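Each chain is listed here by its residues.
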Amino acid sequence: MNRTPWRRDPPRAESITGARTGLTQAVRGRQRRYVAAMLVRSACVVLMALTWNHWPAVAVCALVGGVVIPYVAVVAAQAGWQQQRGVRAELAHPAEEPATRTVLEPTLILPPERNTTG
């Protein structure tokens, strides 16, 4: 490609594949992950109730899972949202040199002189 000083390449267009997901889609995804975790937690509670008398070790593991899963579900749902945000686009940089400002000198306004004849 021939590069000459008077010819510049056009600016690159933004890619739509790099755009982050919309808010409603992000909320829907978090809700699905949270509901799935709560279903697993419910299964842990049912498993604990069914195995308490026969297999106490399994019941205790299910109890620990039922207690820990809600915390992990909330943290995972929020962490997933943080990861989906993606890289922020660069903000426009201000001009190197700000516009020059004119400094006005203070002006002293005197009251009108009175004519003192007399």
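Residues numbered from 1 in each chain as written. Predicted model: local features only at pLDDT ≥ 70, side-chain atom pairs only at ≥ 80, totals over all residues. Heavy atoms only, no water.

*Asks:* Account for the overall build of the protein chain, naming residues and giving values.
*Replies:* Within the protein chain, the regular secondary structure consists of 2 helices and 0 strands. Across the 118 residues in the protein chain, those meeting the buried criterion constitute 14%. For the protein chain, restricting intrachain contacts to residue pairs at least 6 apart in sequence, the fraction spanning at least 24 positions comes to 66%. Summed over all atoms, the accessible surface of the protein chain reaches about 11700 Å², with 61% contributed by carbon and sulfur. (Helix = DSSP H or I, 4+ residues; strand = E, 2+ residues; numbered from the N terminus. Buried < 20%, exposed > 50% of the residue type's maximum accessible area, 1.4 Å probe, protein only. Contact = heavy atoms within 4.5 Å. Areas by Shrake-Rupley, 256 points an atom, 1.4 Å probe, with all protein chains shown as cover.)

*Asks:* Could you give me a rundown of a nonpolar patch on the surface, with the residues and numbers involved?
*Replies:* Taken together, W52, V60, L63, V64, V67, V68, Y71, V72 and V75 make up a surface patch of nonpolar side chains, about 840 Å² in accessible area. In this fold, V67 is placed in helix 2 (residues 56-84). (Patch = residues over 30% accessible without salt bridge, like charges linked within 9 Å, V, L, I, M, F, W, Y side chains within 5 Å. Salt bridge = Lys/Arg side-chain N within 4 Å of Asp/Glu carboxyl O.)

*Asks:* Go over the nonpolar core with me, naming the residues and quoting the values.
*Replies:* Note that soluble globular proteins tend to have their nonpolar side chains buried in a common cluster. Of all hydrophobic cores here, the largest spans 8 residues; its members are A37, M38, C44, M48, A59, A62, I69 and A73. For this core, the secondary structure elements donating two or more residues are helix 1 (23-51) and helix 2. Once residues lying within four places of it in the same chain are set aside, the contact partners of M48 are A59, A62 and L63. (Core = buried A, V, L, I, M, F, W, Y, C linked by side-chain atoms within 4.5 Å.)

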